[in-house]
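What follows is the residue order along each chain.
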Protein chains: 2
Amino acid sequence: MKKDYDLIVVGAGPAGMTAGMYGVRSGLETLVVEKGICGGLSNEAPEIENYPGFKKVGGMELAEKMKAQVSEYVEIKELEEVKKIELGEKEMMVITENDSYLTKAVIISTGTKHRRLGVKGEDEFLGRGISYCATCDGFFFRDKPVIVVGGGDSAVREALYLKNIGCEVMLIHRREKLRAERYLQKTLEKAGVHILWNSVVKEIKGDKTVRSIVRYDKEREIEDELLVEGVFMSIGEEPVNELAVQMEIKMDKNGYIITDKSQRTNLERAYAAGDITGGVKQVVVACAEGAIAATSAYNDLLELS
Amino acid sequence: MKKDYDLIVVGAGPAGMTAGMYGVRSGLETLVVEKGICGGLSNEAPEIENYPGFKKVGGMELAEKMKAQVSEYVEIKELEEVKKIELGEKEMMVITENDSYLTKAVIISTGTKHRRLGVKGEDEFLGRGISYCATCDGFFFRDKPVIVVGGGDSAVREALYLKNIGCEVMLIHRREKLRAERYLQKTLEKAGVHILWNSVVKEIKGDKTVRSIVRYDKEREIEDELLVEGVFMSIGEEPVNELAVQMEIKMDKNGYIITDKSQRTNLERAYAAGDITGGVKQVVVACAEGAIAATSAYNDLLELS
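The written sequence of each chain sets the order in which its residues are numbered from 1. Here the convention is simple: chains get letters from A, ligands get numbers from 1, in the order in which they are written. Two thresholds apply to this predicted model, a pLDDT of at least 70 for residue-level local features and 80 or more for giving and counting side-chain atom pairs, whereas whole-chain, interface and lining totals are computed over all residues. Where side-chain values are given, they derive from all heavy atoms of the structure, hydrogens and water being excluded.

**Q** How should unusual backbone geometry be read in this particular structure?
**A** Even without being a glycine, R269(A) presents a positive backbone phi close to 60°. Numbering of helices and strands runs from the N terminus; a helix is a DSSP stretch of H or I covering at least four residues, while a strand is a stretch of E covering at least two. Tracing the backbone through its elements, the reader meets R269(A) in the loop between α6 (242-247) and β17 (270-272). We call a residue buried when its accessible area falls under 20% of the maximum for its residue type, exposed when it is over 50%, and partly exposed in between, using a 1.4 Å probe and counting protein chains only. For R269(A), a relative accessible area of 13% gives the class buried. Backbone geometry at E248(B) places phi at a positive 60°, although glycine is not the residue there. Position of E248(B) among the secondary structure elements: in the loop between α6 (242-247) and β17 (270-272).

As structure tokens, then:
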């Protein structure tokens, strides 16, 4: 079994998949390792309208297309978590939960994970009424009252998706206006989704499953209880940066990896691409960064050889 | 007729089209102006295998898909060349060959144009045997001897395309190895395309149309004449930077616009995206830069308002 690579890509979201394809196409022996399945958080996007080339495409469908395409070039090991990367003089050792590989260069494209709200009931009802993904779980809540928590693009998309499939949807947002792009805001308004402004979820209650939330209205300074059967969390993401921390790669104050325009980090032959670098978190941007990171790795290794 | 915009995008290649879509979706009154037709140089790519989401897609087909998609949001004025952009205190005046528009912000995505070889016969036989685009003109040369000039990705792609449609293909390259990605090199080798190494075209000869080229072999220091009916130039591109020059936007020594990671130039409310910024010239990268530039314009204008 092959254990020695030019380039190992950690994470197989859009950034990592694209990096893998570009790596192999430029002639590098490349491997992509992914702790879950291909696609990353893009899998959870109900519908993407702004990925150039597709008027409308489901996040999972797009990820599957990419997987089929890049798999013609590069091997992707799914369900294998990278635990540690040890830096040697010329090579690095990538240690996963069940194997280890040598590589000359590494691309970190570990993405982000959902931020937690941190309220009572959140752990208890996760998967029993609380969800982070409308496309994954929305169907179970048809004709039922649900609430989406958040005010950004993804919160609005989740709300629209749930409304479309026939849920009774409310949106709860802690501020007095949404951060989401105006186009999405207008669509939301047209869809008639009720928005609870200046409000936060204080507690999630239920029996076997969610039955209600306790809402605190910051402006009126009152609490009330709203009957819902589903709570969809869309309160943002945080970087999955454990490897970066362990490798002492420079990050910004929010924990996102800092790169230059060629996706180089402060460590030699270590690159980063996709949501883990912060910035404009869009599928097309992640793909581009993956392409650039692999190209930089190719150029840097060529210079060494 | 509307003459007053938040954002005007100059150039409707993949970068400009994506910028237009993101501009409108974020709520900016946006216009895209293009001197030719949508798609830019990507139209000429015979086959794109590394745009994430499509295993194989013609450059023109991909550009058409993008045009159909972004046209649902943004108006694109084709066949209207921007002649000048005048900078005011708060607004800019975009002057085209037949109109003028006010805008608060501008994205330059004017791309690149084909570099010329600069040899005898090149002007004379342009369009009469000399072509810069195999997809556009290759069909006329089926079963005929043709030569592709260059050594990069696009030269190899052009050669493969011509070989596939049944031309007798040679490639002429001034160095002893190709710059193209290894994957393409291997495919070229398999296809059996003959390569003339260390050789340059000295002259292109013919009667009404091309009949031959004079080749100079730099290693053996000899000249000979090769009978060909088509000459396909793929010797690189140079930036279309007249507007940037006129606006005094900072460029690098090769004439590409310098931007930060948010696609901002040195001028306020002037951004650049796509091949005009140099770097990794790939469709997916151009699209991403367009998305980022429009997002930066949106953020900057929001701060001003």
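There's more to say after this.
**Q** How should the packing of helix α4 (residues 153-164) of chain B against helix α5 (residues 182-191) of chain B be read in this particular structure?
**A** The relative placement of two packed helices comes down to the angle between their axes together with the axis-to-axis distance. All names here are of chain B. Every angle, taken between N-to-C directions, lies between 0 and 180 degrees, and every axis is a line fitted to C-alpha atoms, over only the stretch in contact when it is a helix. Where α4 contacts α5, the axes come no closer than 10 Å and their chain directions differ by 30°. Considered as vectors, α4 and α5 are oriented roughly parallel to each other. Judged by the sense of rotation from one axis to the other, the crossing of α4 with α5 is left-handed. Contacts from D153, V156, R157, A159, L160 and K163 of α4 reach α5 at L184, T187, L188 and A191. Three categories are distinguished: nonpolar for Ala, Val, Leu, Ile, Met, Phe, Trp, Tyr, Cys and Pro, charged for Asp, Glu, Lys and Arg, and polar for the others, with Gly belonging to the last. Partitioning the contact of α4 with α5 into residue classes produces 6 nonpolar, 1 polar and 3 charged. Convention used here: angles under 35 degrees read as roughly parallel, angles over 145 as roughly antiparallel, angles from 65 to 115 as roughly perpendicular, and any remaining angle as oblique. In a left-handed crossing the near helix is turned counterclockwise from the far helix by less than a right angle, and in a right-handed crossing that turn is clockwise. In this description, contact between two residues means that some pair of their heavy atoms is separated by no more than 4.5 Å.

**Q** Please explain the domain arrangement of chain A as it appears in this structure.
**A** As a measure of interface size, the accessible area lost when the parts come together is often cited. Residue and element names in this part refer to chain A. For every domain, the bounds stem from an assignment made automatically or drawn from a database. Its domain assignment divides chain A into domain 1 (3-113 + 237-304) and domain 2 (116-233). Between the C-alpha centres of domain 1 and domain 2 the distance comes to 32 Å. Domain 1 puts 8 residues into the contact, and the matching count from domain 2 is 9 residues. Joining two parts hides part of their accessible area as seen by a 1.4 Å probe, and the buried area is that hidden amount summed over both. Between domain 1 and domain 2, a total of about 650 Å² is buried, with carbon and sulfur atoms accounting for 46% of that surface. When the buried surface of domain 1 facing domain 2 is broken down by residue, E44, P46 and E49 rank first, second and third, together holding 63% of it.

**Q** Any chance you could explain the pairing of strand β1 (residues 4-10) of chain A here in plain terms?
**A** If a strand is regular, its side chains alternate between the two faces of the sheet. Residue and element names in this part refer to chain A. Among the 7 residues in β1, 6 count as buried, and that is most of the element. By the convention used here, strands pair only if DSSP detects at least 2 bridges between them. Of the pairings in the sheet, the one linking β1 to strand β6 (residues 100-108) comprises 6 bridges and is parallel in character. Looking at the pairing, L7 lines up with A105 of β6. Judged from the 4 bridges that link them, β1 and strand β2 (residues 30-33) form a sheet pairing that is parallel. When the bridges of β2 are listed, L7 appears paired with T30. Tracing the backbone out of β1, into helix α1 (residues 14-25) and back to the parallel element β2 gives a crossover that is right-handed. Here the term right-handed applies to a crossover when the path leading from its first strand over the helix to its second strand runs clockwise, the strands being oriented away from the viewer.

**Q** Sorry, what's going on with the interface of chain B and chain A here?
**A** Facing 39 residues of chain B, the contacting portion of chain A comprises 39 residues. Summing both partners gives a buried area of about 3,500 Å² for chain B against chain A, and 56% of it is carried by carbon and sulfur. When the buried surface of chain B facing chain A is broken down by residue, R25(B), Q69(B) and K261(B) rank first, second and third, together holding 20% of it. A side-chain nitrogen of Lys or Arg and a carboxyl oxygen of Asp or Glu constitute a salt bridge if their distance falls within 4 Å. Our count for the chain B to chain A interface comes out at 6 salt bridges. Two residues, E181(B) and R25(A), come together in a salt bridge whose shortest N-O distance is 2.8 Å. Between N or O atoms, a polar contact is any pair within 3.5 Å; within protein, one atom must be a potential hydrogen donor and the other a potential acceptor, and residues adjacent in sequence are included only when both atoms are from side chains. If you look at where chain B meets chain A, you find 24 residue pairs in polar contact (both at pLDDT 80 or more). Going through the elements one at a time, α1 (14-25), α2 (59-70), α5 and α7 (283-304) of chain B are the ones with two or more residues in the side of chain B that touches chain A. Looking at the side of chain B that touches chain A element by element, the count peaks at 9 residues for α7(B). Tallied by class, residues from the side of chain B that touches chain A come to 20 nonpolar, 9 polar and 10 charged.

**Q** Looking at this structure, how should I read the nonpolar core?
**A** Generally speaking, soluble globular proteins have nonpolar side chains that are buried together. The set of buried Ala, Val, Leu, Ile, Met, Phe, Trp, Tyr and Cys residues whose side-chain atoms join them within 4.5 Å is what this entry labels a nonpolar core. Membership of the largest hydrophobic core comes to 77 residues, with the highest contact counts inside it found for Y51(A), I107(A), V284(A), Y51(B), I107(B) and V284(B). For V284(B), the contacting residues outside a window of four places in its chain are Y22(A), Y51(A), V284(A), C287(A), A288(A), A291(A), Y51(B) and P52(B).

**Q** Looking at this model, I keep getting lost on the packing of aromatic side chains. Mind explaining?
**A** The description of an aromatic ring pair rests on the distance of the ring centres and on the angle between the ring planes. Within 6.5 Å between ring centres, the rings of Phe, Tyr and Trp (the latter by its six-membered ring) count as paired, and their orientation is classed by plane angle as stacked under 30 degrees, edge-to-face over 60, tilted in between. Within this structure, the stated rule accounts for 10 aromatic pairs over all chains. Ring centres 5.3 Å apart and planes at 80° place the aromatic pair Y183(A) and Y73(B) in the edge-to-face group. Here the residue Y183(A) occupies a position in helix α5 (residues 182-191), and Y73(B) occupies one in the loop between α2 and β3 (75-77), the pair thus bridging two chains. Judged by relative accessible area, which is 16%, Y73(B) ranks as buried. An aromatic cluster is built from Y51(A), F54(A), Y51(B) and F54(B), whose rings are joined through pairwise contacts. Placement of a positive charge over a ring is assigned whenever Lys NZ or Arg CZ falls within 6 Å of the ring centre and within 35 degrees of the normal to the ring plane. Of note, K202(A) hangs over the ring of Y216(A), and the distance from its end group to the ring centre comes to 5.8 Å.

**Q** What exactly am I supposed to notice about the sheet that holds strand β11 (residues 194-196) of chain A here?
**A** Backbone hydrogen bonds are what pair the strands of a sheet, in a parallel or an antiparallel way. All names here are of chain A. What the 5 strands build is an open sheet, ordered β8-β15-β9-β10-β11; its pairing is parallel. Since the sheet does not close on itself, it has two edges, and those belong to β8 (130-131) and β11, each with one partner. Bridge count for strand β9 (residues 145-149) against strand β10 (residues 168-172) is 5 bridges, and the pairing is parallel. Bridge pairing in β10 places V146 opposite V169. Contacting β9, β10 and β15 (230-233), helix α4 (residues 153-164) crosses the sheet at an angle of about 165° to β9.

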